[in-house]
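Descriptive structure summary
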Amino acid sequence: MSLHSALVVDDSKLARITLQRLLQKHNLAVEVAESGVVALEKLRSKKPDIIFMDHLMPDLDGFEATQKIKADPSTTHIPV
C-alpha cells in the first residue's frame, strides 16, 4: 500500500504539529483535525490514505470517531 496522504486527529496542538512534521518528512500530505467531530467533517470531502487518531478527546473520543469512520462505506477502508 502506497501512502500519499494522512489525517492526524488529536486535541493536543503539540501532538498534531509533531506528528504532522514527522509524516511530512516522509513525503505525506497531512491534514490535521483537533477533534473527532472535525475529523468526520473533513472526511466528507477528503479521503486520506491513513488516519492517526488520538483516543482521549473531548466530545467525540477516538474510539467513537473510529466507529463512525468504520461504519461509513466511503471511509471504512481507511486504516485508523
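Because the structure is predicted, anything quoted here is derived from the model rather than measured.

Focus on the nonpolar core
Generally speaking, nonpolar side chains in soluble globular proteins are found buried as a group. In this structure, L7, V9, A33, L43, I51 and M53 are the most contacted members of the largest nonpolar core, which totals 13 residues. Only strand 1 (5-9), helix 2 (36-43), strand 3 (50-53) and helix 3 (62-71) provide two or more residues apiece to this core. Per element, the largest residue contribution to this core is 3 residues, and it comes from helix 2. For M53, the residues in contact, after removing those within four places along its chain, are V9, G62, A65, T66, I69 and V80. Judged by nonpolar contacts, the second largest core, of 6 residues, contains V8, L23, L28 and V30.

Side note on the pairing of strand 2 (residues 29-33)
Across 5 bridges, strand 1 lies against strand 2 in parallel orientation. Within strand 2, the residue paired with A6 across the bridge is V30. Taking the sense of rotation as the criterion, the β-α-β connection linking strand 1, helix 1 (residues 13-24) and strand 2 turns out right-handed.

A closer look at the environment of K68
Along the chain, the position of K68 falls in helix 3. Taking C-alpha positions, K68 is 8.1 Å from L40, a pair spaced 28 residues apart along the chain. Not counting chain neighbours up to four residues away, the residues in contact with K68 comprise L40 and L60.

Cut-offs applied
- Residues numbered from 1 in each chain as written.
- Predicted model: local features only at pLDDT ≥ 70, side-chain atom pairs only at ≥ 80, totals over all residues.
- Heavy atoms only, no water.
- Core = buried A, V, L, I, M, F, W, Y, C linked by side-chain atoms within 4.5 Å.
- Buried < 20%, exposed > 50% of the residue type's maximum accessible area, 1.4 Å probe, protein only.
- Helix = DSSP H or I, 4+ residues; strand = E, 2+ residues; numbered from the N terminus.
- Contact = heavy atoms within 4.5 Å.
- Pairing = 2+ DSSP bridges.
- Right-handed = clockwise from strand over helix to strand, strands pointing away.

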